Amino acid sequence: MYKALYRKYRPQTFDDVIGQPYIVRALKNQVAAGQTGHAYLFTGVRGTGKTTCARILAKAVNCQTPVNGEPCGKCPSCLTIAEGSTADICEVDAASNNGVDYIRELRDEVIFAPAQVKYRVYIIDEVHMLSGAAFNALLKTLEEPPEHVKFILATTEVQKLPMTILSRCQRYDFRRIPASEMADLLMNIAKQEQIPLEQDAALLLASSADGAMRDAISMLELCAGSGETITAEMAAKTLGVASGEHIAELAEAFSQKDLAKATACFERVYADGIDPERLCEELLEFYRELLLSKIGAAGPEGVRGDEARKLAAKVSYDEISGCVAAIQDCFERIGRSVAPRLDVQLLIVKLCRGAERKSEPKPAEAPIAKPTPEPQKPESRPVENPEPAKTEKEEPKDDGATEPLAEWQDILTRISSDEPALYGILNGSSAYKCGGKILIDSPNQFLKTLLMRDSNLAKLRGAVDTVFGPDNEFKKIGIYSASDCEKKSADPLDKLIETAREKNIKTSVKE
């Protein structure tokens, strides 16, 4: 009977487990010293060896002749457990047996001694799926079980477990398995199964598995079904991911602002059946690798790693940050979009035009108020009744000065009815007009950042055009900066005094 590769090559001893050296060493030492605990908690992402280590530990504590903490695999206990013919090793799927009644039955069973081995071991997988009442029923037994009983709990979501459970277990956190170790194991499996597998393809499979060895072996088995030599390109097409060359070509086009090249590359990737959402994930992963290469950290291996190291010398940190921010925004939109392909094409246009190079928009700089030139004093003439000199021309208008925008409340009223979300951003703000600009002032710096996004600016422009008409004088909308702009004095008395002094009229102010 055919057996899936991930089951066929499941580790049978601690030494066969890869990627978890510290956990393996600790468990082996406990078994060798005869000081194993009564309750263990194995947590980590899928496919990292939690259930496998639980089975090996169950075999090791019952082995009649353990060798350096390892089960011998030859004694009656090891053979019985390996065959799965003993009822003393109980594997419980908490996803389907999560009720309090099942845990009560389990609690009643633990008082009976094992029939064939030394310890009765309960392996409860996906333990976070148990109900609150089931956890409460398990507490006392988990804390003080009979001497012949051991519990091993496994979960991928440890944050869902009550602290009362966590405090009663020895906790071991399984990490993601490094891609290099996974690739070596895949090459070994391929050799034994006579599957033609190239090293670059093995690295691609390992990277796509995201640290889960079981997923990587399943992907290998999927690719092997074609009967051809498994290359990186062939594996990418089978898995529905973009090849390293395509991702690197897109990133290179973004850095060169080559819109034609980037668009052509995306069309080829899309024609190969790559999902736009998956493409964004691949781009984000490549830019993570690019950032690692840029800072000189240990970069990834394979084609993508080589391409990332080449491109790292050509791009700046700001470019990387800007691209990541733009791709993340696109990724968020794709999930609820009716046209994901169009969203990615717009992303390509923005990145190649440099529209979103910076991760955060800088506040718009308001023009500095122009200084008013000092009027020249009229020449004194020997006449009995000198009159103040008259100016023949009007003083030049101060176009750079700012003054409050009286219609701002009308604009806010319009926005509150049409765009409630945008009104929430603008609520409490004020606005000034400065030449052909509307400058918006808000005490909240974060709100200023949200306001300067293209989508919000477009909505605000629509409200301004509605209030002032489509051919209004305001061509730009920006952020008001108090340090760079000077507001005109709103006090008419101060303005009158300033004008009189400019005309050489002697003035005095009495309170």
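Before any of the text, the structure's been laid out above.
Residues numbered from 1 in each chain as written. Predicted model: local features only at pLDDT ≥ 70, side-chain atom pairs only at ≥ 80, totals over all residues. Heavy atoms only, no water.

### Topic: the overall build of the protein chain
Thinking step 1. Regarding its fold elements, the protein chain presents 22 helices and nine strands.
Thinking step 2. A total of 511 residues make up the protein chain; the buried ones form 40% of that total.
Thinking step 3. Counted over contacts in the protein chain with a minimum sequence separation of 6, partners at least 24 positions apart contribute 71%.
Thinking step 4. Total accessible area on the protein chain is roughly 28700 Å²; 49% of this is exposed by carbon and sulfur atoms. (Helix = DSSP H or I, 4+ residues; strand = E, 2+ residues; numbered from the N terminus. Buried < 20%, exposed > 50% of the residue type's maximum accessible area, 1.4 Å probe, protein only. Contact = heavy atoms within 4.5 Å. Areas by Shrake-Rupley, 256 points an atom, 1.4 Å probe, with all protein chains shown as cover.)

### Looking at the pairing of strand S4 (residues 149-155)
Thinking step 1. Burial of S4 is extensive: seven of the seven residues sit out of reach of the surface.
Thinking step 2. The alternating pattern of S4 places Val149, Phe151, Leu153 and Thr155 and Lys150, Ile152 and Ala154 on opposite faces, both of which are buried.
Thinking step 3. As judged from the five bridges shared by strand S1 (residues 39-44) and S4, these two strands associate in the parallel manner. Bridge pairing in S4 links Ala39 to Phe151.
Thinking step 4. Alignment of strand S3 (residues 120-125) against S4, held across five bridges, turns out to be parallel. The residue bridging Tyr122 from the neighbouring strand is Phe151, located in S4.
Thinking step 5. Remark: the S3/helix H6 (residues 132-143)/S4 crossover connection has right-handed handedness. (Pairing = 2+ DSSP bridges. Right-handed = clockwise from strand over helix to strand, strands pointing away.)

### Points about the pairing of S1
Thinking step 1. The element S1 is largely enclosed, with a buried count of six among its six residues.
Thinking step 2. Of the two faces of S1, both are covered, the one formed by Ala39, Leu41 and Thr43 as well as the one formed by Tyr40, Phe42 and Gly44.

### A few points about the sheet that holds strand S6 (residues 403-404)
Thinking step 1. Taken in spatial order, the four strands of this open sheet run S6-S7-S8-S9, and their pairing is mixed. Strands at the two margins of the open sheet, each flanked by one partner only, are S6 and strand S9 (476-479).
Thinking step 2. Relative to strand S7 (residues 430-434), S6 runs antiparallel, the two being bridged by two bridges. What sits directly across from Glu403, in S7, is Lys433.
Thinking step 3. On the sheet, helix H21 (residues 454-468) packs against strand S8 (437-441) and S9 and is oriented at approximately 120° with respect to S9. (Axes fitted to C-alpha atoms, helices over the stretch in contact; angles between N-to-C directions.)

### So, the sheet that holds S4
Thinking step 1. On the basis of which strands lie adjacent, the open sheet formed by five strands has the order S2-S3-S4-S1-S5 and parallel pairing. Looking at the sheet topology across the chains shown, the edges are occupied by strand S2 (89-93) and strand S5 (170-174). Adjacent strand axes in the sheet meet at a mean angle of 15° when their direction is disregarded.
Thinking step 2. Direction of pairing for S1 relative to S5: parallel, over a ladder of five bridges. The partner of Tyr40 across the bridge, within S5, is Gln170.
Thinking step 3. Contacts from helix H2 (residues 21-33) reach S1 and S5 within the one sheet, and its direction differs from that of S5 by about 145°.

### Comments concerning the environment of Arg278
Thinking step 1. Inspection of the secondary structure assignment puts Arg278 in helix H14 (residues 276-294).
Thinking step 2. Residue classification places Arg278 among the partly exposed residues on the basis of a relative accessible area of 26%.
Thinking step 3. Residues Arg278 and Ala242, spaced 36 residues apart in sequence, show a C-alpha to C-alpha distance of 8.4 Å.
Thinking step 4. Ignoring any residue separated from it by four or fewer positions in sequence, one finds Arg278 in contact with Leu239, Gly240 and Val241.

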